[in-house]
Amino acid sequence: MPTDMASLTLLIVAFTIVFSVPEIAGAATFKFSSYYHDHMVLQQSSTGTSIWGQSSKVGDVVHIKLNNNEVAQTTVNSDHIWEAKFTSPKDHGPYNVSATSSLGTVEISDVLFGDVWICSGQSNMEYMTFGLLNATQEYADSLNYQSVRLFHVHREFSASLYTDVKHIDAAWLKPNQKSLTQYSAVCWLYGKYLSQHFNYPIGLVETNWGGTRIEAWSSPDALSACSGAQGRRKRDYNSNSQLYNAMINPLLRNTIKGVIWYQGESNAGHAYQYSCQFLEMIRDWRGKFSAASKGTTNPSFPFGFVQLAPWREGETSLGFPQLRWSQTANIGYVPNSLLHNVFMAVAIDLPDYQSPYGNIHPRYKHDVAYRLYLGALGVAYHERDVEFEGPFPTSAVVDSTHRHLTIECGRGLTPIEIRTNSGFEVCCVNHATKFCNPSDTHWINSTITSHDFATVTLNISSCNHGSHVVQLRYAWRESPCAFHQCAVYGKSNNLPGPPFTLHVSS
């Protein structure tokens, strides 16, 4: 992982306050899972809401009540776990939630019902609110969103599965300067935008670790689904499944709405493998959350991610471009036939080379969170007429006579805006060649000569008459453009088109 993440890591350590969760000892014990605290948000779902805890008395009967009205009954199993699901109330609360057994009663108060989102990944998800350009304004504005609640899983890694969260950095806090200073900026802003739009409770669960690989967040089942999976010789937090075991598995029994994910920088050195790894991790998380929560979490819950932002200015390495492509399962956009119910925030136009936290950590998290929010409205909440994607090509045709290539976006139905004439490349080869590798020397820049409502025309005259254009690619650089100055945007939604590569027609 790049060494310039060290500054952010030191700040994270400096601001961390850890709450330890007591283990069940030899004495009689009856309690909620460590996830359950006053002021929390529980998922309001048509399939019900899960609730669980631990007890030292196997076979004991547990009664679950909302405001003293019983809503579920269960028994303590042989693993000392009690778990139940109940019908979600139609209103948002607040409620007192209690569990009673022969060992006594435990109760939490000011419990709200709404949507619960998990925020996971590496340091750009971990990037804290104090690092925003307008942090002071965010702290003041947060007082207007007191039905957004913040939970933060402490960094833990383990070679074996944890049943419950062992240490907690924030236990369902209300947003204010003290609680937000060390909280994920993307997670907070995403929840704030959802709260603005829906005006009901939003629960945010932050579980992330800077500098980490996707392998650490993936279960053995997910890893085994992809060929070439390799473990690290050194057994640490970045080893296979170590973070899944300690920071994801303990959350599986809880009902959630969905996940947002910002990760991939640490996998750019093996970008081709990521397309399988990402797909299988999503599939695995979905299945395990649904099964562990007694079917209350949607087995196809919505999953949003951030396509990698720029890093180094002028860098020619192709790791980041290939990783961005792999994030979409090599299709270029989401949702698609492989990544269904998935949305993304394109971030290729958000470089921050002067970021005091390292240029791999751009401070423009408002753009990232807002683009995730738009994707969630369109995909997770099925809101019609929400334009959540930038332009994507539906055809690319070469006119060999006039030496130009015309790209049509969105089947010609959606207007585009052109902000610069650069960013496109064509692969120019002899007539016997049908395919170009990303690192081939045959790629040449191709500038925009004209554009109209939904098409772009490129000059390909630099591809001489003894050769032909077989492929086209766009924004295929680690840092492809200046701030908000990529070539192609949606005219009506101000969203950048994602990077792509595709074959062309004659």
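Procedures and definitions
Residues numbered from 1 in each chain as written. Predicted model: local features only at pLDDT ≥ 70, side-chain atom pairs only at ≥ 80, totals over all residues. Heavy atoms only, no water. Helix = DSSP H or I, 4+ residues; strand = E, 2+ residues; numbered from the N terminus. Contact = heavy atoms within 4.5 Å. Disulfide = S-S within 2.5 Å. Buried < 20%, exposed > 50% of the residue type's maximum accessible area, 1.4 Å probe, protein only. Pairing = 2+ DSSP bridges. Axes fitted to C-alpha atoms, helices over the stretch in contact; angles between N-to-C directions.

Peer 1: Hey, could you run me through the environment of asparagine 254 in this one?
Peer 2: The residue asparagine 254 is located in the loop between α8 (242-248) and β13 (258-262) in this model. For asparagine 254 and asparagine 421, which are 167 residues apart along the polypeptide, the C-alpha to C-alpha distance reads 49 Å. Not counting the four nearest positions on each side in its chain, asparagine 254 is found in contact with Tyr35, Tyr36, Ser50, Trp52, Phe289, Ser293 and Thr297.

Peer 1: Before we go on, may I ask you to explain the state of the cysteines in this structure?
Peer 2: A disulfide bridge is the covalent bond that connects two cysteines by way of their sulfur atoms. According to the stated counting rule, one finds five disulfides in the structure shown. Between the sulfur atoms of cysteine 226 and its disulfide partner cysteine 276 the distance amounts to 2.1 Å. Measuring the twist about the S-S bond at about -95 degrees, one finds the cysteine 226-cysteine 276 disulfide to be left-handed. Residue cysteine 226 is located in the loop between α7 (220-224) and α8, and its partner cysteine 276 is located in helix α9 (residues 271-292); the two are separated by 50 residues in the primary sequence. On the basis of relative accessibility, which here comes to 8%, the residue cysteine 226 falls in the buried class. A disulfide bridge connects cysteine 428 with cysteine 463, and the sulfur atoms are separated by 1.9 Å. Every disulfide takes its handedness from the sign of the S-S torsion; for cysteine 428 and cysteine 463 that torsion is 85 degrees, giving right-handed. One end of the pair, cysteine 428, is in strand β19 (residues 424-429); the other, cysteine 463, is in the loop between β22 (455-459) and β23 (468-474), with 35 residues separating them in the sequence. For the residue pair cysteine 428 and cysteine 463, the accessibility class agrees, reading buried in each case. Once the bonded cysteines of the chain are numbered in order along the sequence, the disulfide links fall as 1-2, 3-4, 5-7, 6-8, 9-10.

Peer 1: What's the story with the pairing of strand β21 (residues 448-451) in this structure? I'm lost.
Peer 2: Consecutive residues of a regular strand have side chains that alternate between opposite faces of the sheet. Summarising the sheet, β21 and β22 pair through three bridges and their orientation is antiparallel. Looking at β22, one finds that serine 450 is bridged to threonine 457. Hairpin connection from β21 to β22: three residues lie between these consecutive antiparallel strands.

Peer 1: For this particular structure, what's the right way to read the sheet that holds strand β25 (residues 500-503)?
Peer 2: Whenever strands of a sheet pair, they do so through backbone hydrogen bonds, lying parallel or antiparallel. Taken together, four strands build an open sheet; the order of strands is β20-β19-β23-β25 and the sheet is antiparallel. Each edge of the open sheet carries a strand with a single partner, namely β20 (443-446) and β25. Taken over all neighbouring pairs, the strand axes of this sheet differ in orientation by 30 degrees on average, direction set aside. By the bridge criterion, four bridges tie β23 to β25 in an arrangement that is antiparallel. Its bridge partner lying in β25, glutamine 471 is registered against histidine 503.

Function cannot be read off these values alone, since they describe shape.
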